[in-house]
Amino acid sequence: MAAVKKRLAIQIVQAVKDVCGHDINFIDPSGMIYTSTDETRIGQFHEIGREAARRGETIAVERDDAYDGTHRGVNIPVHHNGEVIAVIGITGDPDEVQKYGVLAQKITALILREHELEEQSGNEKARMHHVIRALALGEHLNYEFYRSFLEQLGVDRSVERAAVVVHTGEVENLTALKSELHRALRHRNVTLYTFCYPNEYILLLGHDEITPVTEALRELSAEHPGALRIGVGSFEKLSRQSRSYEAATIARRSLKPGETIAFFDALDLEILLGALPGEARERYLTKTVAALPDADRALLRAYFDADMSLKQTAEALYLHKNTLQYRLNRIARETGYNPRVFTDAARLYLALKLDALSGKKPHRARDLRNTFL
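Since this is a predicted model, take the numbers as computed values, not measurements.

*Asks:* Can you help me understand the overall build of the protein in this one?
*Replies:* Looking only at helices and strands, the protein has 15 helices and 10 strands in total. Computed over its C-alpha atoms, the radius of gyration of the protein comes to 32 Å, more than 25% above the 21 Å expected for a compact globule of 373 residues. C-alpha extents for the protein along the principal axes are approximately 100 × 50 × 35 Å. Taking all 373 residues of the protein together, 44% fall into the buried category. A fraction of 58% describes how many contacts in the protein between residues 6 or more apart in sequence connect residues 24 or more apart.

*Asks:* Please explain the pairing of strand 6 (residues 161-168) as it appears in this structure.
*Replies:* Taken residue by residue, a regular strand's side chains alternate between the two faces of the sheet. Across the 8 residues that make up strand 6, a large majority, 8, are buried. Neither face of strand 6 is left uncovered, since the one carrying Arg161, Ala163, Val165 and His167 and the one carrying Ala162, Val164, Val166 and Thr168 both have all their residues buried. Bridge count between strand 6 and strand 8 (residues 200-206): 7 bridges; the pairing is antiparallel. If you follow Val166 over to strand 8, its bridge partner there is Tyr201. Direction of pairing for strand 6 relative to strand 9 (residues 228-236): antiparallel, over a ladder of 7 bridges. Bridging across to strand 9, Ala162 finds its partner in Phe235.

*Asks:* Before we go on, may I ask you to explain the sheet that holds strand 2 (residues 33-36) in this structure?
*Replies:* Spatially, 5 strands are ordered 2-1-5-4-3 in an open sheet, and the strand pairing comes out antiparallel. In the strand order of this sheet, the two ends are held by strand 2 and strand 3 (59-61), each with one partner. Strand-to-strand, the axes of this sheet are offset by a mean angle of 25°, without reference to chain direction. Relative to strand 4 (residues 73-80), strand 3 runs antiparallel, the two being bridged by 3 bridges. Paired with Val61 across the two strands is Gly73, which belongs to strand 4. Lying on the sheet, helix 1 (residues 6-20) is in contact with strand 1 (24-27), strand 2 and strand 5 (83-91); it crosses strand 1 at an angle near 150°. Taken strand by strand, helix 2 (residues 47-55) contacts strand 1, strand 3, strand 4 and strand 5, and its axis lies near 160° from that of strand 3.

*Asks:* Any chance you could explain a nonpolar patch on the surface here in plain terms?
*Replies:* Residues Leu269, Leu272 and Tyr349 make up a contiguous nonpolar surface patch of roughly 270 Å² in combined accessible area. A residue is classified by how much of its surface remains accessible, and Leu272, at 62% relative accessible area, is exposed.

*Asks:* How do you make sense of the packing of aromatic side chains when you look at a structure like this?
*Replies:* Geometry of an aromatic ring pair is reported as the spacing of the ring centres plus the angle between the planes. Taken as a whole and assessed by the stated rule, the structure comprises 6 aromatic pairs. Ring centres of Tyr143 and Tyr146 lie 6.4 Å apart, and the angle between their planes is 55°; on these two criteria the pair is classed as tilted. Taken together, the residues Tyr143 and Tyr146, both in helix 5 (residues 143-153) and 3 residues apart, mark about one turn of the helix. The buried category is assigned to Tyr146, whose relative accessible area is 10%.

*Asks:* Mind showing me how you'd approach the side chain of Arg252 here?
*Replies:* Among the secondary structure elements, Arg252 is positioned in helix 8 (residues 241-253). It is Glu200 that comes nearest to the buried, bridge-free Arg252 among opposite-charge side chains, at 5.0 Å. If we skip the residues at most four places from it in the chain, Arg252 touches Val165, His167, Arg229, Ile230 and Gly231.

*Asks:* What exactly am I supposed to notice about the sheet that holds strand 10 (residues 261-263) here?
*Replies:* Two orientations exist for strands paired in a sheet by backbone hydrogen bonds: parallel and antiparallel. Overall, mixed pairing links the 5 strands, which are arranged 7-8-6-9-10 in an open sheet. Whereas interior strands pair on both sides, the edge strands pair on one side only; in this sheet they are strand 7 (193-196) and strand 10. When strand polarity is set aside, the average angle formed by the axes of neighbouring strands in this sheet is 20°. Relative to strand 8, strand 7 runs antiparallel, the two sharing 4 bridges. Bridged to Tyr193 within strand 8 is Leu203.

*Asks:* Is there a simple way to explain the environment of Ser239 in this structure?
*Replies:* Its place among the elements puts Ser239 in the loop between strand 9 and helix 8. Sequence separation between Ser239 and Gly56 is 183 residues; the distance between their C-alpha atoms is 52 Å.

Calculation notes
- Residue indices follow the written sequence of each chain, beginning from 1 at its first position.
- The predicted nature of this model means local features are confined to residues of pLDDT at least 70 and side-chain atom pairs, given and counted, to a pLDDT of 80 or more, with totals for whole chains, interfaces and linings taken over all residues.
- The side-chain values count all of the structure's non-hydrogen atoms but skip hydrogen atoms and water molecules.
- The way it works is that DSSP assigns letters per residue, a run of H or I at least four long becomes a helix, a run of E at least two long becomes a strand, and they are numbered from the N terminus.
- Computation of the radius of gyration draws on C-alpha atoms, with the globule rule given as 2.2 Å multiplied by the number of residues to the power 0.38.
- Burial classes: relative accessible area under 20% of the type maximum marks a residue as buried, over 50% as exposed, and values in between as partly exposed (1.4 Å probe, protein chains only).
- When checking whether two residues touch, look at their non-hydrogen atoms; a contact exists if any pair is within 4.5 Å.
- In short, DSSP must find at least two bridges between two strands for them to pair.
- The axes used here are C-alpha line fits, helices contributing only the stretch in contact, and every angle between their N-to-C directions lies in the interval 0 to 180 degrees.
- Candidate patch residues must exceed 30% relative accessible area and have no salt bridge, after which like charges are joined if within 9 Å and Val, Leu, Ile, Met, Phe, Trp or Tyr side chains if within 5 Å.
- Every accessible area reported is derived by Shrake-Rupley at a probe size of 1.4 Å, with residue values counting cover from the shown protein chains alone.
- Salt bridges, as used here, are contacts in which a Lys or Arg side-chain nitrogen is within 4 Å of a carboxyl oxygen on Asp or Glu.
- Working definition: a ring pair exists when centres of Phe, Tyr or Trp rings (six-membered ring for Trp) sit within 6.5 Å. Plane angles under 30 degrees give stacked, over 60 give edge-to-face, the rest tilted.
- Positive charges come from Lys and Arg alone, negative charges from Asp and Glu alone, with His and the N- and C-terminal ends not counted.

This is the structure:
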C-alpha cells in the first residue's frame, strides 16, 4: 500500500494494542488486512473493513463471521490529508472496545505525522547535501532547483561565503563528538552545512558567522584533543564555492601536528604549492622525498620546526646529537639533498609542504619520539 509503509503500519497496530490490550488489524481501503497483531489474519479479506473505508464511518460488528473475514469489534477509518487511507480494526466486544476508537485514531494520526516530519527532514538533508556538495566540488546544479531551495531557506545568494572543511579524526566516542558538533552549529543558526562520508563536514559561512563558529569549533576541539582538523577557505560568491572549498582543503592540509585550525588567508607558500598541477607535485616528490620512509620525513619536519637547530631537534626527539647527524647525513645520501645546506634544505622543506598538501597524515610528535626510542 502506497500511503503507509509496512514498517509504519506495524508500529501503529502495536502502539494501539499496547494501550487497549486487544488484537488490532490494519486494513487497507480495498479490505485486505495489511498487518495485524494476530499474524494468522494478515493477508485476509475483511468485508467490513472495506465498507468502513468506503463510507468513511466507524462500523461495529456484534459477532464473529457475520461478514466475510470479519470478527466482532469496531472498525475505525483513518482519515489523512482528506482521504481514508486505512481502517483500524479493534477485535473484541464492541461495547468494550468502542471507547478505544478515538484514542486509536489519535495514536495513528500522531505516528503518521511524526513519520511525515522524519521524511521531510530526511528530504531536506538530502537536498542540502546535494546543493552544498555540488557547490563545493563545482558539479552541475539545476539553477531553478538551487534558487528555489535557497529561497525556502531564506539564504541570500548575493552574500559571499567561505567554505570551512572540518575533518573528524580518531576519537573514543565519535558519535558523541558528531552530536556535539551538530548542536554547536544549530545553536549558532548555521544553515548551510552537510556531512560527507566518511569524515568530512562542509560548512558555507558568511562573514558574520566565521568568528562565532570557528570559536565554537576551537572549544569543541579543546574538549576532544586531536579530534578535529579544520581549514577555512577564502570568501567567494556561492557560485564560486569550489574555489573556497579548494582553499579550505589546502588550509586543512597545511596543519602541523597539534594544530587545530588554519585560515587560507594566513597561508603563503601553501597557496603557491596548492596551485601546482597534480602531475608536477608527484614529479617533485619523486625527485626529493618520495623514497624516504615516514620516520625520516617526520625527522625532517621536526628539524625544520626547530629552525634547523641540531640541539633543539635532538632535544625534541630525545636523540643524541651524533645520532641525529648520522640520520641527516643518511637522508642526504638517499635524496641527493643535504638538509644541513640551506638551498638543499629549502628544496626538502618545499617537498614536505607538498607532501602534507597531498593529504597524508603526518606523525605526531610522540609517535616520532617512539620511532627513535
